[in-house]
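# Architecture and fold: a report
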Amino acid sequence: MRFAVLGTGFWARTVHAASLAGYPSAELVGIWGRDLGKAQDAAAEFDVRGTDDLDALLADVDAVSISLPPDVQAPLAERAAAAGKHLLLEKPVALSLAAADRVVAATEAAGVASVVFFTNRFRTATSTWLEQAARTTLTGGSVTWLGSLAGTPFDDSPWRHEHGALWDVGPHALSLLVPALGPVTAVQAGAGLGDLVHLVLTHTAGRTSTVTLSSTAAPMAAGIESWVHGDAGRLVLLPESDTATDAHRVAVDELQAAALTGGAHPCDAAFGRDVVRVLEAARRSLGSGCRETVAA
């Protein structure tokens, strides 16, 4: 499958393009960017074409791997889908439910495959953990995801600073809790210092979970903890050493499989839209101070 990478930033180069370059089951054809110079510089690292002409690049590929701010990603994903290209998307798929709905509608209208790159969902340890959870009668779970943008390549990301950890790492937490505990039906959110946010999620069948997120935590407090609990005790998701590039290659393979079979992937654009639906409810709850229902 021939791929174009849309985006020229750190994650686009070091994960998306690096994953595709030289990978036996995929071909990196070119890199698109809003700034032609940056696109050409990024493309030169991988000896492919760099361009700001999206239509010309889409004409030469089968799929796009998008690494752009979510408000930029959504309309470009619609455009690529309308051109018949399969979509490997970043999380969150959009910053509003309306925009996410349009991405899903575009994939359905075009009949193209889609996968959202929730990094942990493409790691062996997570697959094993979810399989164990599926064999357990669960009551609830928790994810704590504390980090800091300061001093990282993401510190110059305006959308992350504007929308905070809820929209940046919140999708990762939901990508673990939803398949384990079921769809979220209601959210109660509370804010702390910096961009710290706490969520109490109600899932189907009466299960509940809690989520704590921050991208402004002190370095000594940083860390990720994920677990669910039920009749078999507590199932803890242990950290895995696989790189994001390794996970991206798994996502590439699974996108190609979905395109070949025509089946829906568990992390497709529709699932990405469901995650945005929960994030929107959490945003409403932060504003209202009330428990907010997640519309079906």
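Everything below is about the structure printed above this text.
Quantities reported herein were computed from a predicted structural model and do not represent experimental measurements.

In this model helix α10 (residues 269-288) runs 28 Å from its N-terminal to its C-terminal C-alpha over 20 residues, within 8% of the 28 Å that 1.5 Å per residue would give. Looking one or two residues past α10, Gly-289 carries a phi angle of roughly 75 degrees, positive in sign.

Along the chain, the position of Gln-256 falls in helix α9 (residues 244-261). With sequence-adjacent residues up to four places away left out, Gln-256 is seen in contact with Met-1 and Ser-25.

Turning our attention to the sheet that holds strand β7 (residues 138-146). Across the sheet, which stays open at both edges, the seven strands sit in the order β12-β11-β7-β10-β9-β8-β13 with mixed pairing between neighbours. Where the open sheet ends on each side, the last strands, each with one partner, are β12 (233-236) and β13 (292-293). The pairing of strand β8 (residues 184-191) with strand β9 (residues 197-203) spans seven bridges and is classified as antiparallel. Each residue of the ladder has a partner; that of Ala-191, found in β9, is Val-197. Here helix α6 (residues 124-134) sits on the sheet and contacts β7, β11 (223-230) and β12; the angle it forms with β12, its principal contact strand, is near 160 degrees.

For the coordinates displayed, the defined rule picks out 12 salt bridges. Between Arg-160 and Asp-168 there is a salt bridge, and its shortest N-O distance comes to 3.3 Å. With a relative accessible area of 17%, Arg-160 lands in the buried category. In this structure, Arg-273 and Asp-274 form a salt bridge, with 3.4 Å as the shortest nitrogen-oxygen distance. For Arg-273, a relative accessible area of 17% gives the class buried.

Cut-offs and rules
- Residues numbered from 1 in each chain as written.
- Predicted model: local features only at pLDDT ≥ 70, side-chain atom pairs only at ≥ 80, totals over all residues.
- Heavy atoms only, no water.
- Helix = DSSP H or I, 4+ residues; strand = E, 2+ residues; numbered from the N terminus.
- Expected span 1.5 Å × (residues − 1).
- Contact = heavy atoms within 4.5 Å.
- Pairing = 2+ DSSP bridges.
- Axes fitted to C-alpha atoms, helices over the stretch in contact; angles between N-to-C directions.
- Salt bridge = Lys/Arg side-chain N within 4 Å of Asp/Glu carboxyl O.
- Buried < 20%, exposed > 50% of the residue type's maximum accessible area, 1.4 Å probe, protein only.

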